[in-house]
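Inside the fold
Below, each chain spelled out in residue letters.
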Amino acid sequence: MATAKMIAPASKRPGTKLRVAAYCRVSSNSADQQNSYIRQVDAYTRLVSNNPAWELVDIFADAGISGMKADNREQFQRMIRMCELHQIDMIITKSVSRFARNVKEALEYCRKLKLLGIGVKFEKEGIFTLSMGDEMLLNTFAAIAQEESKAISQNQRLSILKRMEAGEYVDSNAPYGYRLIDKKLSVYEPEAQIVRFMYRQYLNGHSTSEIARELNERGIPTKTGKQVWRSGKVAYILRNERYKGDSKYQKTYRESFVPFRQYKNRGEEDMFYAEQTHTPLIDAETFEAVQKLFSKRQATFGQCGANITYPLTSRIQCAECGSFFHRRNVSGCVKWGCAKHIQDRNTCDSEYYAEERIYTGILTVLNRLRFGSVDVLGQTVRLLETALNLSKHNNFVVQESNREIAELNSKLLMLEKMNAKGYLEPDVVKAQTMKITARLNELKQQRQAAVDSMIPSMIADIRRLQSLLAEIEEPLVEFDEGLMRDTVREISINKQGEMTVTLLGGLSFTEKL
């Protein structure tokens, strides 16, 4: 009778040290949490250095960020990327709740790391994910952490609702024209003047598009510092009751379960309206006049029919000015042209291009990749994998950054100890801490730039493209909207009639129209 023996996979080469990383998440950016982070750095540094078989790769920390969504945690994602690049063999973290408060994400990431041969060690719960019996325990503890987070969220939600009912709630996101000072909305005059200008122009007969165009011509930035105003943003400001000093609460609501997605409130939850909650920018009469004009224009112009979306809608950009192409019927032929060129030929040198020719150009690119004599995608993947392997072994910038970061963390710890014993003046400690912290942030950004690599995602995208094209058995002769949506990322056309099609993985190919 045949016998079988299990051969355990080797997680690392014999004779080499286990590359260990630590992950910690602190709930805020306060000074206490900064000290907590420093203490954790010291603890993990000593823990790893006391084990001769371990080598500390890095300590990753996200401050002031919820553990409910991993995508929002920059350092967590950096750690996962380094794991994917096989630069880490094991992760140590204090508890399941520090690693993730979302059962689904906690298990997904732990299983993903397990497939890479990387274990996660949770100190508080005594769980190590490479142990077969520990996954059920992890599931249980992750569920507990999620319920704790849900309970905290519900308590906060109840507190917010009570403040809404009393008209005392202040959103942390101040609208354009205001700034949040001491938890109160205060008028920010440079932007307030722009808001008043919008209301005047609208009452003077200008449309939201014309107002947006004038703001762009004057170079006035938006609240986020962008130089482009859209008609929708102008309309939002003109219809926002907060500019007359009132507040309408709970225009949106969140789900009561993970992952707490947010939706527009269409009657699912109670709304609250409070009058005179802050200083108005517009008097009530002006605001109401604008609302009446809005309703009148909507009744007049809003019944022109629904917008029709075509397969190429918002997919083609003009290589000359950056505007999207719009569909038009020109002399009985369906063509696409640059929006600026359509509006005024003198503003852009682009031309109209037949829809059928654009479709043919896309099909040509896809057919060439699928049935061409040269395996372009396969060669590209092999070159990218070679580049990835080289970057893993020659990343001296990361090594040097890690060394200096460790030294600076030691200095921060020493400052904290000297401050606790009263050896240094508080002003000196504060100044030195700020200086070291600034340098730490600079080094982390430098390290991030060196570690970050688009190569793994490019390889994954190109393999996905290979898989999609492999399903095509015969050369394409008819346009397939679904295939284009899955494979094509960008399309641009220049004034010479050259169409550049950018596919999954960032690969670009040019066809003459």
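What comes next concerns the included structure. (Residues numbered from 1 in each chain as written. Predicted model: local features only at pLDDT ≥ 70, side-chain atom pairs only at ≥ 80, totals over all residues. Heavy atoms only, no water.)

A look at the overall build of the chain
Put simply, the rule is: Secondary structure elements follow DSSP: runs of H or I of four or more residues count as helices, runs of E of two or more count as strands, with numbering from the N terminus. The rule is simple: take the accessible area with a 1.4 Å probe, protein chains only, and divide by the maximum for that residue type; under 20% is buried, over 50% is exposed, in between is partly exposed. Residue contacts are counted whenever heavy atoms from the two residues lie within 4.5 Å of one another. Accessibility throughout is a Shrake-Rupley quantity obtained with a 1.4 Å probe, and a residue counts as covered only by protein chains that appear here.
Tallying secondary structure elements over the chain gives 16 helices and 18 strands in all. Sorting the 513 residues of the chain into buried and exposed places 38% on the buried side. Of all intrachain contacts in the chain linking residues separated by at least 6 positions in sequence, the fraction that spans at least 24 positions is 62%. Entry remark: accessible area of the chain is about 30,100 Å², with carbon and sulfur atoms responsible for 51%.

Topic: the packing of helix H7 (residues 208–217) against helix H8 (residues 231–239)
Just so we agree on the cut-off: Structural elements are reduced to axes, namely lines fitted to C-alpha atoms, with helices fitted over the stretch in contact, and the angle between N-to-C directions of any two is expressed from 0 to 180 degrees. Throughout this description, any angle smaller than 35 degrees is read as roughly parallel, any larger than 145 degrees as roughly antiparallel, any in the 65 to 115 degree range as roughly perpendicular, and the remainder as oblique. Gly counts as polar in this scheme, as do all residues outside two lists: the nonpolar Ala, Val, Leu, Ile, Met, Phe, Trp, Tyr, Cys and Pro, and the charged Asp, Glu, Lys and Arg.
Relative to each other, H7 and H8 sit at 110 degrees, their axes nearing to 8 Å. When the axes of H7 and H8 are compared, the pair comes out roughly perpendicular. Between H7 and H8, the contacting residues are Thr208, Ser209, Ile211, Ala212 and Leu215 on the first element and Ser231, Val234, Ala235 and Leu238 on the second. Tallied by class, the residues present in the contact of H7 with H8 amount to six nonpolar, three polar and no charged.

Concerning the pairing of strand E4 (residues 119–122)
Our working rule: Each pair of strands is called paired provided DSSP finds at least two bridges between the two strands.
Judged from the four bridges that link them, strand E3 (residues 90–93) and E4 form a sheet pairing that is parallel. Along E4, the bridge assignment pairs Ile92 with Lys121. Two elements, E4 and strand E5 (residues 127–128), share two bridges in a ladder whose sense is antiparallel. Each bridged residue has a counterpart across the sheet, and for Phe122 the counterpart in E5 is Ile127. Here E4 hands over to E5 after four residues, with Gly126 in that stretch at a positive phi of 70 degrees.

Looking at the packing of aromatic side chains
How two aromatic rings sit relative to each other is set out by the distance from centre to centre and by the angle between their planes. For clarity, the threshold we go by: Stacked, tilted and edge-to-face are the three classes assigned to paired rings of Phe, Tyr and Trp, where Trp is represented by its six-membered ring and a pair needs centres within 6.5 Å; plane angles under 30 degrees give stacked, over 60 edge-to-face, the rest tilted.
If you walk through the whole model with that rule in mind, you get nine aromatic pairs. With a centroid separation of 5.1 Å and 85 degrees between ring planes, the pair formed by Phe76 and Tyr109 is classed as edge-to-face. Pair noted here: Phe76 is in helix H2 (residues 74–84) and Tyr109 is in helix H4 (residues 103–115), with a separation of 33 residues, a long-range link. Residue classification places Phe76 among the buried residues on the basis of a relative accessible area of 1%. Accessibility expressed as a relative area gives 12% for Tyr109, which makes it buried.

Points about the environment of Ala460
By secondary structure assignment, the location of Ala460 is in helix H15 (residues 455–470). Owing to a relative accessible area of 44%, Ala460 belongs among the partly exposed residues under this scheme. Sequence-wise, Ala460 and Gly505 are 45 residues apart; in three dimensions their C-alpha atoms are separated by 7.6 Å.

Focus: the sheet that holds strand E2 (residues 54–63)
What the five strands build is an open sheet, ordered E2-E1-E3-E4-E5; its pairing is mixed. The open sheet is flanked by E2 and E5, the only strands paired with a single partner. Packed on one face of the sheet, H2 meets strand E1 (18–26), E2 and E3 and runs near 150 degrees to E2.

Let's talk about unusual backbone geometry
At His86, a position not held by glycine, the phi torsion is positive, near 60 degrees. Tracing the backbone through its elements, the reader meets His86 in the loop between H2 and E3. The backbone of Ser314 shows a phi angle near 60 degrees, a positive value even though the residue is not glycine. Residue classification places Ser314 among the partly exposed residues on the basis of a relative accessible area of 48%.

Some points on the pattern of salt bridges
Here is the rule: When a carboxyl oxygen of Asp or Glu is within 4 Å of a side-chain nitrogen of Lys or Arg, the pair counts as a salt bridge.
As enumerated under the stated definition, the model contains 13 salt bridges in all. Arg439 is the salt-bridge partner of Glu404, the closest N and O atoms lying 3.0 Å from each other. Taken together, the residues span a long stretch of sequence, with Glu404 in helix H13 (residues 396–420) and Arg439 in helix H14 (residues 426–451) at a distance of 35 residues. Put simply, Arg485 and Glu481 hold a salt bridge, and the shortest N to O gap is 3.8 Å. Residue Arg485 and its partner Glu481 are both found in helix H16 (residues 481–487); the two are separated by four residues, about one turn of the helix. In this structure, a network of salt bridges that share partners links the residues Lys244, Asp246 and Glu288.

Considering the pairing of strand E16 (residues 488–493)
Where strand E12 (residues 316–318) meets E16, three bridges bridge the pair, whose relative direction is parallel. Residue Gln317 lies in a different strand from E16, and its bridge partner there is Ser492. Pairing analysis gives five bridges linking E16 to strand E17 (residues 498–503), with the strands arranged antiparallel. When the bridges of E17 are listed, Glu490 appears paired with Thr502. Where E16 folds back on E17, the antiparallel hairpin that results is connected by four residues, among which Gly497 adopts a positive phi of roughly 80 degrees.

Observations concerning the sheet that holds E17
Taken in spatial order, the four strands of this open sheet run E12-E16-E17-E18, and their pairing is mixed. Every interior strand has two partners, whereas the edge strands, E12 and strand E18 (508–512), have only one. Each adjacent strand pair in this sheet contributes to an overall mean axis angle of 25 degrees, direction not counted. Pairing of E17 with E18, which is carried by five bridges, proceeds in the antiparallel orientation. Note that in E18 the partner of Met499 across the bridge is Glu511. Its contacts with the sheet put helix H11 (residues 355–371) on E12, E16, E17 and E18, and the angle it makes with E17 is roughly 50 degrees.

Regarding the nonpolar core
Formally: Nonpolar cores are built from buried Ala, Val, Leu, Ile, Met, Phe, Trp, Tyr and Cys residues. Side-chain atoms within 4.5 Å join them into one set.
Grouped together as the largest cluster of nonpolar side chains are 37 residues, with contacts concentrated most on Leu312, Phe325, Ile358, Ile362 and Leu503. Top element by residues in this core is H11. It accounts for seven residues. Those residues in contact with Leu503 that sit more than four places away from it in its chain are Val365, Leu366, Leu369, Leu465, Thr487, Val488, Arg489 and Phe509. Listed in part, the 26 residues of the second largest apolar core include Tyr178, Ile194, Ala212 and Phe287.

Things to note about the environment of Lys430
With respect to the secondary-structure elements, Lys430 resides in helix H14. Looking at Lys430, the relative accessible area reads 56%, which means it is exposed. The sequence separation of Lys430 and Leu415 amounts to 15 residues, and the corresponding C-alpha distance is 9.4 Å.

A look at the side chain of Asn494
The line we're drawing: Think of a polar contact as two N or O atoms within 3.5 Å of one another; within protein, one of them needs to be a possible hydrogen donor and the other a possible acceptor, and neighboring residues in sequence only count if both atoms come from side chains.
Its location among the elements puts Asn494 in the loop between E16 and E17. For Asn494, a relative accessible area of 14% translates into the label buried. A polar contact is formed between the side chain of Asn494 and the backbone nitrogen of Gln496, at a distance of 3.1 Å. In this structure Asn494 touches Ala319, Glu320 and Tyr353, once residues within four positions along its chain are discounted.

Keep in mind these numbers describe shape, not what the thing actually does.
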